[in-house]
Amino acid sequence: MTILACLFDLDGVIVDTARFHYLAWKVISNRWGFEFTEHHNERLKGISRMDSLEILLEIGGITVTSKDKTQLANEKNQIYLEYIMQMTPEDVLPGVRNFLHELRNNFIKTGLGSASKNAGLILERTEMASFFDVIVDGNLVTKVKPDPEVFALGAKLLRINNKNCVVFEDAVAGVQAAHNAGMKCIGIGSPLIVREADAVYPGFDNLRLKDLCIN
Ligand code: BG6
Ligand code: MG
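Read on for an overview of the structure. (Residues numbered from 1 in each chain as written. Chains lettered and ligands numbered in written order. Predicted model: local features only at pLDDT ≥ 70, side-chain atom pairs only at ≥ 80, totals over all residues. Heavy atoms only, no water.)

**A closer look at the coordination of the magnesium ion (ligand 2)**
Note on the magnesium ion (ligand 2): its protein donors are Asp9 (OD), Asp11 (O) and Asp170 (OD). The metal-donor distances range over 2.0 to 2.1 Å. On the primary sequence, the residues serving as donors to the magnesium ion (ligand 2) are separated as D-x1-D-x158-D. Placement of the pair is aspartate 11 in the loop between strand 1 (5-8) and helix 1 (17-32) and aspartate 170 in the loop between strand 4 (165-169) and helix 8 (172-180), with a sequence separation of 159 residues. In terms of burial, aspartate 11 and aspartate 170 fall into one category: buried. (Donors = N, O, S within 2.8 Å, 3.2 Å for Na, K, Ca; no water. Helix = DSSP H or I, 4+ residues; strand = E, 2+ residues; numbered from the N terminus. Buried < 20%, exposed > 50% of the residue type's maximum accessible area, 1.4 Å probe, protein only.)

Structure, rendered in structure tokens:
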């Protein structure tokens, strides 16, 4: 395939905020006294805030009113924001900036495709917004991954055909969203988790465009 654009998930790909989401949800789950593990947390990756809460409630076997759900999601977000406000440009994962520079030097378009409504704030804290030609986040889409909307919209705004886009994702739902958009997907992280991806790399450290093995 000819790569004309690369679309990046944010949490867990550009920055390690996946850990902050986990820690914030853990504060909420601790109140109910059940163990919310990192293994459980994989199910929440790439999923919207409210859908994450639904999964957390299901894991814990907890029932709450819809008013309480709104309150719990807000509380989780406040805890999460405390972590985000501590972020600096040093929190960008190793090799990410070099890889994005390499794409620019090769005239490959770049886009962000994130379910997060906090993406703008994270990009601001880490000074990463200028690396992306388009930014599609949780405020712009109505359907969540594995629905292809977030990546399809990114490609549309870049005016690049879906089949010429490669997505970088750390979440199962995100890999499925890329494939549902008819795009190739590079998994970032463990092959045990992003096993449906077309190729998997542990991260961007030492990753070069020419190394990408996708057909
Ligand atoms: C995704 C994360 O990027 O954003 C999910 O992988 C998170 O874990 C989702 O739930 C929504 O994030 P936010 O910042 O809008 O609560
Ligand atoms: Mg992610």
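**Brief notes about the pattern of salt bridges**
Considering all chains together, one arrives at 9 salt bridges under this definition. Ionic pairing is found between lysine 145 and aspartate 9, a salt bridge with its closest N-O pair at 3.0 Å. Remark: aspartate 9 occurs in the loop between strand 1 and helix 1 and lysine 145 occurs in the loop between strand 3 (134-136) and helix 7 (149-158); sequence separation between them is 136 residues. Taken as a pair, lysine 145 and aspartate 9 share a single burial class, namely buried. (Salt bridge = Lys/Arg side-chain N within 4 Å of Asp/Glu carboxyl O.)

**Regarding the environment of valine 167**
Looking at the element boundaries, valine 167 is found in strand 4. Judged by its relative accessible area of 0%, valine 167 is buried. The sequence separation of valine 167 and leucine 103 amounts to 64 residues, and the corresponding C-alpha distance is 13 Å. Those residues in contact with valine 167, other than ones at most four positions away along the chain, are Leu7, Phe151, Ala178, Met183, Lys184, Cys185 and Ile186. (Contact = heavy atoms within 4.5 Å.)

**Some points on the side chain of aspartate 137**
You can see aspartate 137 is positioned in the loop between strand 3 and helix 7. Buried charge aspartate 137 goes without a salt bridge, the closest partner of opposite sign being lysine 117 at 8.8 Å. Side-chain polar atoms of aspartate 137 contact the backbone nitrogen of asparagine 139, separated by 2.9 Å. (Lys, Arg positive; Asp, Glu negative; His and termini not counted. Polar contact = N/O pair within 3.5 Å; in protein donor to acceptor, adjacent residues only side chain to side chain.)

**Notes on the packing of aromatic side chains**
In the structure shown here, the tally under the stated rule is 10 aromatic pairs. With a centroid separation of 5.5 Å and 65 degrees between ring planes, the pair formed by phenylalanine 99 and phenylalanine 168 is classed as edge-to-face. Here phenylalanine 99, found in helix 5 (residues 96-105), pairs with phenylalanine 168, found in strand 4; they are 69 residues apart in sequence, far enough to count as distant. With relative accessibility at 0%, the residue phenylalanine 99 sits in the buried group. (Phe/Tyr/Trp six-rings, centres within 6.5 Å; stacked < 30°, edge-to-face > 60°.)

**Here we look at helix 5**
Of all the residues in helix 5, the buried ones are Val96, Phe99, Leu100, Glu102 and Leu103. Buried residues in helix 5, looked at end-on, bunch into an arc of 155 degrees, giving them a common side. In helix 5, those exposed residues whose orientation departs by more than 90 degrees from the buried face are Asn98 and Asn105. Where helix 5 ends, the next residue or the one after it, phenylalanine 107, has phi of about 60 degrees, a positive value. (Arc of directions from axis to C-beta.)

**What about the packing of helix 3 (residues 49-60) against helix 4 (residues 66-84)?**
Two numbers describe how helix 3 lies on helix 4: the axes approach to 10 Å, and their chain directions differ by 110 degrees. One way to sum up the angle between helix 3 and helix 4 is to call them roughly perpendicular. Contacts between helix 3 and helix 4 involve Arg49, Met50, Leu53, Glu54 and Leu57 on the former and, on the latter, Lys69, Thr70, Leu72, Ala73 and Asn77. (Axes fitted to C-alpha atoms, helices over the stretch in contact; angles between N-to-C directions. Parallel < 35°, antiparallel > 145°, perpendicular 65-115°, else oblique.)

**Observations regarding the site of ligand 1**
In the vicinity of ligand 1 lie 15 residues, with Asp11, Ile47, Ser116, Lys117 and Asn118 positioned nearest. In this structure, an oxygen atom belonging to ligand 1 sits 2.6 Å away from a side-chain N or O atom of aspartate 11. Lysine 117 has a polar backbone atom sitting 2.7 Å from an oxygen atom of ligand 1. Expressed as a share of its isolated accessible area of 390 Å², the protein-covered part of ligand 1 is 97%. Grouping the constituent residues of the shell around ligand 1 by class yields 4 nonpolar, 7 polar and 4 charged. (Near = heavy atom within 4 Å. Areas by Shrake-Rupley, 256 points an atom, 1.4 Å probe, with all protein chains shown as cover. Nonpolar A, V, L, I, M, F, W, Y, C, P; charged D, E, K, R; others polar.)

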